[in-house]
2 protein chains.
Amino acid sequence: MNFEQILKEKELKITPQRLVVFEAIYTLKTHPTAEEIIVFIKERHPNISVATVYKVLDVFVEKGIVRKVKTENEVMRYDAFMEHHHHLFCADSNRIEDYQNEELDTLLRDFFDSKKIKGFKIKDFQLHITGTFKNK
Amino acid sequence: MNFEQILKEKELKITPQRLVVFEAIYTLKTHPTAEEIIVFIKERHPNISVATVYKVLDVFVEKGIVRKVKTENEVMRYDAFMEHHHHLFCADSNRIEDYQNEELDTLLRDFFDSKKIKGFKIKDFQLHITGTFKNK
DNA sequence: CTATATGCAAATCATTTGCAACCAG
DNA sequence: CTGGTTGCAAATGATTTGCATATAG
């Protein structure tokens, strides 16, 4: 894949910094943190600014070149509901709702019982459903 | 549910602060942030310390009384892999791997086609699979 | 009593911002 | 040229920490 091509398609200027951030993300295949990307970059381009890396990453996410992975945190949120359940995330706001469905759980459990994931032992799974709420 | 009972079971001392945090989380049904919990609490107990709320929440999570909801952020992570896919989260480390499976996607798509979620329009879904990696 | 828990203020740490200088198109 | 980009240093904001004091059991 050609970085310059992608930038051009997204109507972004081709700058050395952007190419370098691209290179870092594509070389680090481990869902790197911004921190890790910065370390990687600093090794070969000590002059690039931390703020610039963040800015470039923001633009990339905005343009759909790169995706943020949902992980444990954020502004941390707590859920008192301890039963196995899934979540509905509103695409337009911070609203989150619980979603529980026995049938879905059975479906998934059966699926993973028959189709194991090589080298991975499943403890639990949770579906993150993104969309929009109609009411309210 | 009896808060004092739960604390006792978990071998935690029953303190007014813990009861108040409990009350906040159970009253706020919106997956509150620590911030929101603190605001709620401050209104009725202006004397409780912010640091204490964080400490209490940490203990609750540790003891399995409350759960952190996985959301967009954390120390933010970026993924260059833009195709629809799921994630394997290592329970013991920060390792995350992509997981892609056509069959699973079809299964889920079919499920949600027949079983709509009331008041919610699904745009996308992503399965967060937690477990342990055998190798490495 | 004694280990735990709390409160305070200072410290951390990722991320953001403001703004002047820079450079891609 | 000229607006989009960069770099710097300072600002922000959530969360944590150290430590002296308070308190549950």
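For the structure itself, consult the block above.
What comes next concerns the included structure.

The next thing to look at is the packing of helix α3 (residues 34–44) of chain A against helix α4 (residues 50–63) of chain A. All names here are of chain A. Between α3 and α4, the shortest axis-to-axis distance is 10 Å and the interhelical angle comes to 125°. With respect to their mutual orientation, α3 and α4 come out oblique. At the point where α3 passes α4, the crossing takes the right-handed sense. Where α3 abuts α4, its residues Ala 34, Ile 37, Ile 38, Ile 41 and Lys 42 lie against Val 50, Val 53, Tyr 54 and Leu 57.

Take the nonpolar core next. A:Phe112, A:Ile129, B:Phe112 and B:Ile129 are the most contacted members of the largest nonpolar core, which totals 26 residues. Secondary structure elements with two or more residues in this core: β3 (86–90), α5 (102–114) and β5 (120–133) of chain A together with β3 (86–90), α5 (102–114) and β5 (120–133) of chain B. In this structure, A:Phe112 is in contact with A:Ile117, A:Ile122, A:Phe125, B:Tyr99, B:Leu104, B:Leu127 and B:Ile129, ignoring residues within four places of it in sequence.

Bringing the packing of aromatic side chains into the picture now. Counted by the stated rule, this structure contains 16 aromatic pairs over all chains. A ring pair is formed by A:Phe111 and A:Phe112, whose centres lie 5.1 Å apart and whose planes are at 80°; its orientation type is edge-to-face. The buried category is assigned to A:Phe112, whose relative accessible area is 5%. Consider the rings of A:Phe133 and B:Phe120, whose centres lie 4.7 Å apart with planes at 65°: the pair is edge-to-face. Of this pair, A:Phe133 sits in strand β5 while B:Phe120 sits in strand β5, which puts the two residues in different chains. You can call A:Phe133 buried: its relative accessible area is 15%. A connected cluster of aromatic rings, assembled from ring pairs, spans A:Phe3, A:Phe22, A:Tyr26 and A:Phe60. Over the aromatic face of A:Phe40 sits the side chain of A:Arg44, whose NZ or CZ is 3.7 Å from the ring centroid.

With that settled, the discussion passes to the side chain of B:Asn101. Within the element layout of this structure, B:Asn101 appears in the loop between β4 (96–99) and α5. Only 3.2 Å separates the side chain of B:Asn101 from the side chain of B:Tyr99, close enough to count as a polar contact. The residues contacting B:Asn101, other than those within four sequence positions of it, are A:Phe111 and A:Lys115.

Below, the discussion takes up the pattern of salt bridges. Counted according to the given criterion, the structure contains four salt bridges over all chains. A:Glu103 is paired through a salt bridge with B:Lys115; the nearest N and O atoms lie 3.6 Å apart. With A:Glu103 in helix α5 and B:Lys115 in the loop between α5 and β5, this residue pair bridges two chains. Look at A:Glu103 and you get partly exposed, because its relative accessible area is 48%. B:Lys115 gets classed as partly exposed once you look at its relative accessible area, which sits at 31%.

Time to look at a positive patch on the surface. A surface patch of like charges, here positive, comprises A:Lys116, A:Lys121, A:Lys123 and B:Lys134. As for its placement among the helices and strands, B:Lys134 is situated in the segment after β5. For B:Lys134, a relative accessible area of 62% gives the class exposed.

Looking now at α5(B). Residues and elements named next belong to chain B. Under the 1.5 Å per step criterion, the end-to-end length of α5 is 18 Å for 13 residues, consistent within 8% with the ideal 18 Å. Among all positions in α5, only Leu 104, Asp 105, Leu 108, Phe 111 and Phe 112 are buried. In a view along the axis of α5, the buried residues occupy a sector of 130°, so they form one face of it. Of the exposed residues in α5, the ones pointing more than 90 degrees away from its buried face are Glu 102 and Ser 114. At the N-terminal boundary of α5, the capping side chain belongs to Asn 101, with an oxygen 2.9 Å from the backbone nitrogen of Glu 103.

Across four bridges, β3(A) lies against β5(A) in parallel orientation. In the strand pairing of β5(A), A:His87 is matched with A:His128. Bridging between β5(A) and β5(B) involves 13 bridges; their strand directions are antiparallel. Residue A:Asp124 lies in a different strand from β5(B), and its bridge partner there is B:Thr130.

What counts as what
Residues numbered from 1 in each chain as written. Chains lettered and ligands numbered in written order. Predicted model: local features only at pLDDT ≥ 70, side-chain atom pairs only at ≥ 80, totals over all residues. Heavy atoms only, no water. Axes fitted to C-alpha atoms, helices over the stretch in contact; angles between N-to-C directions. Helix = DSSP H or I, 4+ residues; strand = E, 2+ residues; numbered from the N terminus. Parallel < 35°, antiparallel > 145°, perpendicular 65-115°, else oblique. Left-handed = near helix turned anticlockwise from the far one by under 90°. Contact = heavy atoms within 4.5 Å. Core = buried A, V, L, I, M, F, W, Y, C linked by side-chain atoms within 4.5 Å. Buried < 20%, exposed > 50% of the residue type's maximum accessible area, 1.4 Å probe, protein only. Phe/Tyr/Trp six-rings, centres within 6.5 Å; stacked < 30°, edge-to-face > 60°. Lys NZ or Arg CZ within 6 Å of the ring centre and 35° of its normal. Polar contact = N/O pair within 3.5 Å; in protein donor to acceptor, adjacent residues only side chain to side chain. Salt bridge = Lys/Arg side-chain N within 4 Å of Asp/Glu carboxyl O. Patch = residues over 30% accessible without salt bridge, like charges linked within 9 Å, V, L, I, M, F, W, Y side chains within 5 Å. Areas by Shrake-Rupley, 256 points an atom, 1.4 Å probe, with all protein chains shown as cover. Lys, Arg positive; Asp, Glu negative; His and termini not counted. Charge placed at Lys NZ, Arg CZ, Asp CG, Glu CD. Expected span 1.5 Å × (residues − 1). Arc of directions from axis to C-beta. Pairing = 2+ DSSP bridges.

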